[in-house]
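Spelled out from the first residue to the last, the chains are:
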Number of protein chains: 2
Amino acid sequence: MAGKILIVDDVATNRIVYKVKLGAACYAPILASDGASCLALARSEKPDLILLDLVLPDMSGTEVLRHLRADPELASIPVVVFSAEADMKARLAALYAGADDFLAKSVDDQTLMARLRNLLRGREAMAELESGAAPIRALGFAELASGFHLPGSIALVSHRPETALRWRHDLGAHLPDQMTMMSREGALSEVQLTPVPDVFIIESDLADPMGGLRLMSELRSRPQTRHAAICIVKNGPANSDAAMAFDLGADDVVSNEMDPREFGQRVARLLQRKTAADKLRASVRDGLRMAVIDPLTGLHNRRYAISQLAEIASRARSSKRPFALMVIDLDRFKQVNDTFGHPAGDAVLTEVARRLAANIRGGDLLARIGGEEFLIALPNTDLANANTIAQRLCRAMQEVPFDIPGFAPLDLTASIGLAICDNGQTWTEEPVAAVIERADQALLMAKSGGRNQVTISHAAA
Amino acid sequence: MAGKILIVDDVATNRIVYKVKLGAACYAPILASDGASCLALARSEKPDLILLDLVLPDMSGTEVLRHLRADPELASIPVVVFSAEADMKARLAALYAGADDFLAKSVDDQTLMARLRNLLRGREAMAELESGAAPIRALGFAELASGFHLPGSIALVSHRPETALRWRHDLGAHLPDQMTMMSREGALSEVQLTPVPDVFIIESDLADPMGGLRLMSELRSRPQTRHAAICIVKNGPANSDAAMAFDLGADDVVSNEMDPREFGQRVARLLQRKTAADKLRASVRDGLRMAVIDPLTGLHNRRYAISQLAEIASRARSSKRPFALMVIDLDRFKQVNDTFGHPAGDAVLTEVARRLAANIRGGDLLARIGGEEFLIALPNTDLANANTIAQRLCRAMQEVPFDIPGFAPLDLTASIGLAICDNGQTWTEEPVAAVIERADQALLMAKSGGRNQVTISHAAA
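Structure report, in brief. Starting from 1, residues in each chain are numbered consecutively following that chain's sequence as written. Working convention: letters from A go to chains and numbers from 1 go to ligands, in the order in which they are written. Where totals are concerned, whole chains, interfaces and linings use all residues; where local detail is concerned, this predicted model gives features only for residues with pLDDT of at least 70, and gives and counts side-chain atom pairs only at 80 or more. Water and hydrogen atoms play no part in the side-chain values, which are based on all heavy atoms of the structure.

1. Describing helix H7 (residues 161-172) of chain A
Residue and element names in this part refer to chain A.
Argument step 1. Between the first and last C-alpha of H7 there are 16 Å, a value that for twelve residues agrees with the 16 Å anticipated at 1.5 Å per step.
Argument step 2. For every residue, the accessible area (1.4 Å probe, protein chains only) is compared with the maximum for its type, and the residue is labelled buried under 20%, exposed over 50%, or partly exposed between those bounds. Numbered from the N terminus, helices here are DSSP runs of H or I no shorter than four residues, and strands are runs of E no shorter than two. Taken residue by residue, H7 has Thr163, Ala164, Trp167, Asp170 and Leu171 as its buried positions. One side of H7 carries all its buried residues, which in axial view fall inside an arc of 130°. When the buried face of H7 is taken as reference, the exposed residues oriented beyond 90 degrees from it are Pro161, Glu162 and His169.
Argument step 3. Contacts between residues were defined by any pair of non-hydrogen atoms, one from each residue, lying within 4.5 Å. Packing partners of the buried residues in H7 comprise strand S6 (153-157), strand S7 (178-182), strand S8 (199-203), strand S9 (229-234) and helix H11 (260-290). Here the expected length of a helix is defined as 1.5 Å per residue gap, with one fewer gap than residues. Our arc is simply the arc of the directions from the helix axis toward the C-beta atoms.

2. So, the packing of aromatic side chains
Residues and elements named next belong to chain A.
Argument step 1. Centres within 6.5 Å make a pair out of two Phe, Tyr or Trp rings, where for Trp the six-membered ring is used; the pair is then stacked when the planes are under 30 degrees apart, edge-to-face when over 60, and tilted otherwise. What the rule picks out here adds up to five aromatic pairs over all chains.
Argument step 2. Judged by centre distance (5.1 Å) and plane angle (80°), the rings of Tyr18 and Phe82 are edge-to-face. In this pair, Tyr18 sits in helix H1 (residues 12-24) while Phe82 sits in strand S4 (residues 79-83), placing the two residues 64 residues apart along the sequence.
Argument step 3. On the basis of relative accessible area, Tyr18 is assigned to the buried category, the value being 8%.
Argument step 4. Classification of Phe82 by relative accessible area gives buried; the value is 3%.
Argument step 5. With 4.7 Å between their ring centres and 75° between their planes, Phe340 and Phe407 make a pair best called edge-to-face.

3. Remarks on the relation of the copies chain B and chain A
Argument step 1. Mapping chain B onto chain A calls for a rotation angle of 180° and an axial translation of 0.1 Å; the resulting RMSD is 0.2 Å. The operation mapping one copy onto its partner corresponds to a two-fold rotation axis. No C-alpha of chain B lies nearer the rotation axis than that of Ala291 of chain B, which sits 2.1 Å from it. We superpose the copies by least squares over the C-alpha atoms of residues that have a pLDDT of at least 70 in both of them.

4. Here's the deal with the sheet that holds S4 of chain A
All names here are of chain A.
Argument step 1. Between any two strands, pairing holds if DSSP finds at least two bridges. Across the sheet, five strands lie side by side as S2-S1-S3-S4-S5; this open sheet has parallel pairing. For this open sheet the edge positions go to strand S2 (28-32) and strand S5 (101-104), each flanked by a neighbour on one side alone. Strand-to-strand twist in this sheet, taken as the mean axis angle between neighbours without regard to direction, amounts to 20°.
Argument step 2. Both strand S3 (residues 49-53) and S4 contribute to a ladder of four bridges, which runs parallel. Looking across to S4, one finds that Leu52 is bridged to Val81.
Argument step 3. The axes are straight lines fitted to the C-alpha atoms, using for helices just the contacting stretch, and the angles between their N-to-C directions are given from 0 to 180°. Sheet strands in contact with H1 are strand S1 (4-8), S2, S3 and S4, and its direction is about 165° off that of S2.

5. Observations concerning the pairing of S5 of chain A
All names here are of chain A.
Argument step 1. Note that S4 and S5 share four bridges and pair parallel. Paired with Val80 across the two strands is Asp101, which belongs to S5.
Argument step 2. The path from the first strand over the helix to the second decides the hand: if it runs clockwise while the strands point away from the viewer, the crossover is right-handed. Taken together, S4, helix H4 (residues 88-96) and S5 constitute a β-α-β crossover, and its handedness is right-handed.

6. Overview of the packing of helix H7 (residues 161-172) of chain B against helix H11 (residues 260-290) of chain B
Residue and element names in this part refer to chain B.
Argument step 1. Running from N to C, H7 and H11 point in directions that differ by 80°, and their axes come no closer than 8 Å. Between H7 and H11, the angle falls in the class roughly perpendicular. The segment H7 lies against H11, with Trp167, Asp170 and Leu171 engaging Pro260, Phe263, Gly264 and Val267.
Argument step 2. Considering only residue class, the contact of H7 with H11 consists of five nonpolar, one polar and one charged. Roughly parallel refers to an angle under 35 degrees, roughly antiparallel to one over 145, roughly perpendicular to one between 65 and 115, and oblique to any angle outside these ranges. In this count, Pro and Cys sit with the nonpolar residues alongside Ala, Val, Leu, Ile, Met, Phe, Trp and Tyr, while Asp, Glu, Lys and Arg are called charged and the others, Gly among them, polar.

7. Quick look at the interface of chain B and chain A
Argument step 1. Opposite the 48 residues of chain B that make contact, chain A presents 48 residues.
Argument step 2. A simple way to read buried area is as the amount of 1.4 Å-probe accessible surface that goes missing from two parts once joined, with both sides added. Here chain B packs against chain A, burying approximately 4400 Å² in sum over the two surfaces, 60% of which is carbon and sulfur.
Argument step 3. When residues of chain B are sorted by the area they lose upon contact with chain A, Arg117, Leu288 and Arg303 of chain B head the list and together hold 15% of the total.
Argument step 4. Definition used for salt bridges: Asp or Glu carboxyl oxygen within 4 Å of a side-chain nitrogen of Lys or Arg. Inspection of the region where chain B meets chain A yields four salt bridges.
Argument step 5. Polar contact is defined as a pair of N or O atoms within 3.5 Å, subject to the rule that within protein one atom must be able to donate a hydrogen and the other to accept it, and that residues adjacent in sequence are counted only when both atoms are side-chain atoms. At the junction of chain B with chain A, the criterion picks out 14 residue pairs in polar contact (both at pLDDT 80 or more).
Argument step 6. Take the side of chain B that touches chain A: its biggest share by element is nine residues, from helix H5 (residues 109-137) of chain B.
Argument step 7. Here the side of chain B that touches chain A is composed, by residue class, of 25 nonpolar, eight polar and 15 charged.

Laid out in structure tokens, this is it:
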């Protein structure tokens, strides 16, 4: 699948030339001679990149691009538009239509190959993020987030003030984003970076000939700026050394003589991509959090509680200190749902979670492990202390009635089963499952003993 | 926090020289003159990197390293050991003790700075993976995975067969991993990469002077090899062009004249890191899956079901087609748990999930939304079809008794509440929550009607 590149050109000789070049670079070239076959091959072959001639017999390259970008299956394939002519209007149209780059056919092979590697690398990184975020996106978070379009922040880094001023003027005419001129030192000293720029535009010969590229590598090594988009601006035609810039990770390389509209469009695209990648990273973060959290109460979930409990038990064994385990069940909670409806039940559970959290200590583990069932583990806690805390939790439920929207406040109580595990004192080691089982049994006794009470399971035989 | 570098050297002049150099590169240098203050500052300042002199007044640099690596809080800080002498024994000892690199004090500034950027970049990437995987690691998956230590796979890429043979001989004496000699084309043509190498060892002047570096960039742009560790081998002293190799993303740069033991130790360390990063990536993938899956049955969880239901409802509205929603509840399931214990109950739930999944269609949504409660949504389905499917599900529960380990097979039935949502036909749009509510009400009627039956909720008024 990898390295499949679709070459679209109406001139057979051109197709052959690129086929040979790409084959030598160990890519798998596929050939199309017009727009319709390009679209058909894009759908059937799913190429990793498309090299697209601007002039085709059946439709323009820009029109092909529009079709590609409108198809969700194909929209993310990188497309490099290739043209013999350098007409500004055509360049702009191709970039607006979603081209990832627009290269003259005269571009040297080294730059071309470096640009292809660079785009393929970016595509792989996005695909990896996408595949991670995919299950989470099903939950609809990404959709919510994409509603916001805050203006971005763009850093202009040049050692010639007049250059930075001109960039600000040129880009300001096309972009709504915040622009800040800064020196290399400013870009690297984090205190000045508020907000952290989304895009850095960097002069290639900053202070010395390799200064811009070096600054790029430095930004990539710092936590705040490692995901920023970076555009290198070369003085003179963009070719020389552009290959190195692409391999070093530049997201775009432009000439300082570039038309301001094209410059603006390229920077806008960098910003758009950076924002899309940020959102994917945020989805992944949210998703990972969700794996361990009960969505209703925000407490840890059962899965997390069980794994952490093993951890607490193991630490208790090595430190030879006891730990306490409580299973807490709301009394007659089913009636709340049946009488007042599920939203009322959910409000009660949320308030219970709040009261439990308010009455334990920082290092204690609190989780919702079932509908109306909660678990608390107390490391380094003996029976007397655990019992005090359990009694306090019982009172915390009983003393203040629970508010239910639309109804009178409701009196509720909880039953608690308490077990102490003191493996440090015994020869045989009690498994965590057995401790939970003892707490469960104690809870059943609390229920059958009349509810609203703490029952203690004494150590296993 | 970023760019904080701890310089440890007993000679004041050296400390000042490096302080000036690192300050000019916009790092924040911190100074220590002996091992004890290095360890104290490492703990209090949490530097991003440590430049450590080998000879210190109170202990050797290698001893300092061992202390750093033994402390979980400090173990991941990159450490570059710096020495005036080039004694092989000392180099090896420092690398075995966990140095990330061992540089002669005579190294040129450009290489030094590029190496620092390179290590800091690697550290940031790992830190980002770690922070993503942290909530998941609490679940214990990473611990499980780390029990395995399969031999790695190492690719030896040189255009001189005698060089690759020597590498294989030298490394084979120190490493248990599988080694494969290959050409540049072999490395890039995926069919030959089984298994995909964990480490690529690449001659820098492969075919042409920049050939090795270019191959590295190409490997980084291909999905199978983008996370591989890459070691560039230079003919002659490692300094020249090493800076560029580091900035291009080499994980290590060594000289072809390096002592085989040092070469082996460096490659072993690359392999170890690559494996650790692979595990973190796997944890993140597992964690993301867990956010949408019910761990017991492997079905989708409630959270996922609710979000997907909104999606199904929205598609149904735009296509003006009805969809069906079922809520399925096992009858008298509490008795299974109470009589046979939770493991028996879990076995029953798993089998119920299997039977439900076997009796619906590919595009249908199936989730466990509560203890013994399941949800099925059927897109593009009218009442007659949905009812047929619901009746089939009822029979699927009833017809074959459920196996319970250690007991006689158990007869069980389910009740099903069925609601059809046909927003395409109505003026007012019924919210998803209202459809669920109707299915819930129908389920209650099925229960009160004697269980083991399907009850249909007719469209909302």
